[in-house]
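As a plain string of letters, each chain reads:
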Amino acid sequence: MNERLHSLLAQRGVSLESLAEICEVDPKTVGRWLGGRVPHRRHRFRAARHLHVDESFLWPTQQPRAAEAPQAPDSELSGTYRNRASVPRETWISLLQGAEEQISVLVFSGTFFAQSNPDVARMLAERASAGVRVRLCFGDATGEAVAIRGREEDIGDTLAAKIRASLTYYRPLLSEPGCEVRLHDTTLYTSLFRYDDNLLVNSHVWGRPASANPLLHLTRRARDGWFDNYAQSFEAVWAIARPWTPDQEGTAAHGQD
């Protein structure tokens, strides 16, 4: 049984018949997908696009194409940084500007993302207008996961305040086609910044701020490697995150560091 497909249909309120219509197949065919059968490639693409997730999240066990030679997982490791603060500002900007398909970000507050580049919202909007799918997933300032992290880092409610401050930068994106902002209430083991086939993975060490922790730069080279494992974790969190509605969040003004 495809539990992820079952769960997403329920969460999105999409009926079996509706998905069948989108994919132009018989509802019995979708029933077989729910039972574990893997759809044809074009049907996987349509279903994933309609449910707003990557195809690899719904069907993660697809075999590599014959032309893809097996590669060692560490061949995807393009670079390492002692901490996130060591990543040059130019690297962040060049990856963002070079994205052609998707930009996906998973953080708690991500304040540095905007404060190190005050034009980030405009740049994201420009990439979206060029056809890039932009997905930003921040921590829920009212959630338990943020409260726990605040206690672990001994900063109290500061993290929640930083999230509210950070979100104010991205309010203009809510009206931009191709841009989505959501809030999650999950344990954040790593902050993720994906630009097409480049992924910056900022691990979290207990009790330390993310900026002080190591960062890996991965480049996707094969299926089911390091890159795909992290990318699928983003999809899992994104699928259960809720859309950000600023008027209900009581978002604070700029000024939190």
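Scroll up to find the structure this text is about.
Everything numeric in this text was worked out from a predicted model, so none of it was measured. (Residues numbered from 1 in each chain as written. Predicted model: local features only at pLDDT ≥ 70, side-chain atom pairs only at ≥ 80, totals over all residues. Heavy atoms only, no water.)

So, the overall build of the protein
Item 1. The helix and strand inventory of the protein stands at 12 helices and 8 strands.
Item 2. On C-alpha atoms alone, the protein measures out to a radius of gyration of 19 Å, which is about the 18 Å that the 2.2 N^0.38 rule sets for 257 residues.
Item 3. Dimensions of the protein, computed from C-alpha atoms along their principal axes, come out at roughly 55 × 45 × 35 Å.
Item 4. Here the protein holds 257 residues, and the buried ones make up 47% of them.
Item 5. A sequence separation of at least 24 residues applies to 73% of the contacts in the protein between residues at least 6 apart. (Helix = DSSP H or I, 4+ residues; strand = E, 2+ residues; numbered from the N terminus. Rg over C-alpha atoms; globule rule 2.2 N^0.38 Å. Buried < 20%, exposed > 50% of the residue type's maximum accessible area, 1.4 Å probe, protein only. Contact = heavy atoms within 4.5 Å.)

Re helix α11 (residues 226–240)
Item 1. For α11, spanning 15 residues, the distance from its first C-alpha to its last is 22 Å, which sits close to the expected 21 Å at 1.5 Å a residue.
Item 2. When we look at burial in α11, the residues that qualify are Phe227, Asp228, Ala231, Gln232, Phe234, Glu235, Val237, Trp238 and Ala239. (Expected span 1.5 Å × (residues − 1).)

Some details on the environment of Pro209
Item 1. Structurally, Pro209 can be placed in the loop between β6 (198–203) and β7 (215–219).
Item 2. Relative accessible area serves as the criterion here: at 39%, Pro209 is assigned to the partly exposed category.
Item 3. Sequence separation between Pro209 and His40 is 169 residues, and the spatial gap between their C-alpha atoms is 44 Å.

Quick word on the nonpolar core
Item 1. Counting 52 residues, the largest nonpolar core has Trp92, Phe113, Leu124, Leu136, Tyr170, Phe193 and Tyr195 as the members making the most contacts within it.
Item 2. Once you skip the residues sitting within four places of it in the chain, Phe113 turns out to touch Trp92, Val105, Val120, Tyr170, Phe193 and Tyr195.
Item 3. Core analysis: the second largest hydrophobic core is formed by 19 residues, Leu9, Ala48, Leu51 and Ala239 among them. (Core = buried A, V, L, I, M, F, W, Y, C linked by side-chain atoms within 4.5 Å.)

Remarks on the state of the cysteines
Item 1. All chains considered together, the criterion is met by 0 disulfides.
Item 2. Cysteine Cys137 is unpaired, with the sulfur of Cys179 as its nearest cysteine sulfur at 14 Å.
Item 3. By relative accessible area, Cys137 is classed as buried at 1%. (Disulfide = S-S within 2.5 Å.)

Let's talk about empty space enclosed by the protein
Over the atoms a probe the size of a water molecule is rolled, and this reveals where empty space is left.
Item 1. Taken as a whole and assessed by the stated rule, the structure comprises 3 cavities of 30 Å³ or more.
Item 2. Arg89, Trp92, Ile93, Leu96, Phe113, Ser116, Asn117, Val120 and Tyr195 are the residues that line the largest cavity.
Item 3. The biggest single contributor to the lining of the largest cavity is helix α6 (residues 89–98), with 4 residues. (1 Å grid on protein atoms, 1.4 Å probe; cavity = no way out; pocket = protein on both sides within 12 Å on 5 of 7 lines; lining within 4 Å. Points joined across faces, edges and corners; volume = space filled by probe spheres on them.)

Considerations on the side chain of His217
Item 1. Within the element layout of this structure, His217 appears in strand β7.
Item 2. Among the residues examined, His217 registers a relative accessible area of 13% and is labelled buried.
Item 3. Excluding anything up to four places from it in sequence, His217 contacts Glu76, Leu77, Ser78, Gly79, Asn198, Leu199 and Leu200.

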